[in-house]
Amino acid sequence: MANAPTVSSGSKTTFDDTSNFKVDISDAIEALDPRDTPCLARFGKSSLRTPCIETTHYWLEDELIPTAAEVDAAYTSGTLNFNLRPVGAASGTDASTYFKVDDVLYITGQHYQVTSIASNLVYVRLLSSADAAKSVGDKVYNLGTAATEGSVARVVGEWTTLDKPYNYTQIFKDEVNVTGTQEAIAKYGYTSELDYQLSKRLQELAIKMERDFIYGIRNVATVNNQPMRMMGGLWYFIRNAAGGTANTDIIKTAASAALSQSLIDGVLENLWALGGAPDLIICGGYQKRVIDAWMTPYVQVGMNQSQLGTTISTYRSSYGDVSIMLNRYVHPTDLIIVSSKYIGLGPLTGRAFSTETLPKTGDYQGRMMLGEYTMEVRCVGRAHGWIHTLATS
């Protein structure tokens, strides 16, 4: 069959049971071939860390006060004050609040101790024997506070503000209408036209949800005075600058270059340095072929071997083992790296996938399949990465 099926609308057949009923079909999603919807198969349909009880689904995130920063303006030897920014952040972003008086700092070969902080400048005294210039981007490491013996407790403490990310629920639905005649006539391969069409619509809904899981955009609009919500997916939270992070250490443009081990290792290293635990690569067919080809020169085949080829299911890096998911719905130029423990998918409470009988108004009956789902993408900017604009030839 061609890959451009004819899509028809209207009535087709009736269903022999005309009673009003609601059937839970949520488990049927996971019964689909996992190669068709690998993300749904991996993460499941009920993997939210916190149950979704509203159409706007919130979750709370917190993190430790960072113990590292970067030099944000070139430092001249002897100046003894620094402009600092968060690691990987844009120039002008202030990181002076990460530090306090008496903290000991290590910056590319020299040690300093903080004496005061004012107007986003961190003033220091030199602990090393000689000072040296520092460049923009040089790492600043906090070695801890060196308090004096018998010192009085400070009145002012520090804390981080809880973050409250959110996503919307999205209603996934489709309908089937069939006539009594079409349902009654004999058919090859199946008995009930309605059951057959329901099965097809269910698979199509699952594929659409799989695509939305990857490339969905968080949005809400009003149509005919009714809200229409859209669920943000991996693209929105990780790749999209408005919804995710602009850290180019973990969101890499390949600029049409071929995928390489150094490119993947670079993102894995930067995620590891930020505290992430990446364990899954999601990519399409071409990029999977590139990864498989890395092992080809190292494979030996015996004379009696009747099979040829190599495939890699796990990428073993210095930063941990990373599973590789082949997904036909990932764009050929993209490769996604995630920490799967921070991702979840699930329904609005009471709104898992189900079928309902539509009101009968003629010689046909209809069924509607409907579910309302959302997803969580936690620890954005620290746990997930994206390589885009990769070569495909």
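Anything mentioned here points back to the structure above.
Right, let's walk through the structure included here. Since the structure is predicted, the reported quantities are computational estimates derived from the model, not experimental observations.

Definitions and limits used
- Residues numbered from 1 in each chain as written.
- Predicted model: local features only at pLDDT ≥ 70, side-chain atom pairs only at ≥ 80, totals over all residues.
- Heavy atoms only, no water.
- Helix = DSSP H or I, 4+ residues; strand = E, 2+ residues; numbered from the N terminus.
- Buried < 20%, exposed > 50% of the residue type's maximum accessible area, 1.4 Å probe, protein only.
- Contact = heavy atoms within 4.5 Å.
- Areas by Shrake-Rupley, 256 points an atom, 1.4 Å probe, with all protein chains shown as cover.
- Pairing = 2+ DSSP bridges.
- Axes fitted to C-alpha atoms, helices over the stretch in contact; angles between N-to-C directions.
- Phe/Tyr/Trp six-rings, centres within 6.5 Å; stacked < 30°, edge-to-face > 60°.
- Lys NZ or Arg CZ within 6 Å of the ring centre and 35° of its normal.
- Core = buried A, V, L, I, M, F, W, Y, C linked by side-chain atoms within 4.5 Å.
- Lys, Arg positive; Asp, Glu negative; His and termini not counted.
- Salt bridge = Lys/Arg side-chain N within 4 Å of Asp/Glu carboxyl O.
- Polar contact = N/O pair within 3.5 Å; in protein donor to acceptor, adjacent residues only side chain to side chain.
- Patch = residues over 30% accessible without salt bridge, like charges linked within 9 Å, V, L, I, M, F, W, Y side chains within 5 Å.

## Digging into the overall build of the protein
Along the protein, the regular secondary structure elements total six helices and 21 strands. Of all 393 residues assigned to the protein, the portion counted as buried reaches 41%. Here the contacts in the protein between residues at least 6 apart in sequence split such that 73% fall between residues at least 24 apart. Entry remark: accessible area of the protein is about 21,300 Å², with carbon and sulfur atoms responsible for 52%.

## A short note on the sheet that holds strand β4 (residues 81-85)
Here we have six strands rolled up into a closed barrel, ordered β3-β4-β7-β6-β5-β8, and antiparallel in their pairing. Ignoring strand direction, the axes of neighbouring strands in this sheet form an average angle of 45°.

## With respect to the packing of aromatic side chains
Working definition: an aromatic ring pair is given by the centre-to-centre distance plus the angle between the planes. All told, the structure shown has 14 aromatic pairs when counted by the stated rule. Consider the rings of Tyr166 and Tyr168, whose centres lie 5.6 Å apart with planes at 65°: the pair is edge-to-face. One aromatic cluster is present, formed by Tyr58, Tyr166 and Tyr168 through successive ring pairs. Above the ring of Tyr166, the side-chain terminus of Arg218 is found at 3.7 Å from the ring centroid.

## Describing the sheet that holds strand β16 (residues 320-326)
The sheet built from six strands is open, its strands ordered β13-β21-β17-β14-β16-β15 with mixed pairing. Edge strands, defined here as strands with exactly one partner in the open sheet, are β13 (251-253) and β15 (314-317). When strand polarity is set aside, the average angle formed by the axes of neighbouring strands in this sheet is 20°. Relative to strand β21 (residues 385-388), strand β17 (residues 335-338) runs antiparallel, the two being bridged by three bridges.

## Some words on the nonpolar core
By size, the foremost hydrophobic cluster in this structure holds 57 residues, and its most contacted members are Phe213, Leu234, Leu259, Ile264, Ile291, Leu335 and Ile387. The biggest single contributor to this core is helix α3 (residues 193-215), with eight residues. The contact partners of Phe213, leaving out residues within four places of it in the chain, are Cys39, Phe43, Met231, Gly233, Leu234, Ile343, Leu345 and Met375. Judged by nonpolar contacts, the second largest core, of 14 residues, contains Val71, Ile107, Val114 and Val140.

## Regarding the side chain of Glu61
When you line up the elements, Glu61 lands in the loop between β2 (56-58) and β3 (68-71). Of the side chains with opposite charge, Arg382 lies nearest to the buried Glu61, which makes no salt bridge, at 4.2 Å. Within the structure, Glu61 has its side chain in polar contact with the side chain of Trp59 (distance 3.0 Å).

## Focus: helix α6 (residues 285-293)
Taken as a whole, α6 has its buried residues at Gln287, Lys288, Val290, Ile291 and Asp292. Considering only its buried residues, α6 is in contact with α5 (261-273), β14 (280-283), β16 and β17.

## Things to note about the pairing of strand β19 (residues 354-357)
Where β19 and strand β20 (residues 364-377) come together, four bridges link them in antiparallel fashion. Its bridge partner lying in β20, Glu356 is registered against Met368. Where β19 folds back onto β20 in an antiparallel hairpin, the turn is made up of six residues.

## Overview of a nonpolar patch on the surface
A contiguous nonpolar patch, built from Tyr106, Tyr141 and Leu143 and spanning about 280 Å² of accessible area, is present on the exposed surface. Mapping Tyr141 onto the fold places it in strand β8 (residues 139-145).

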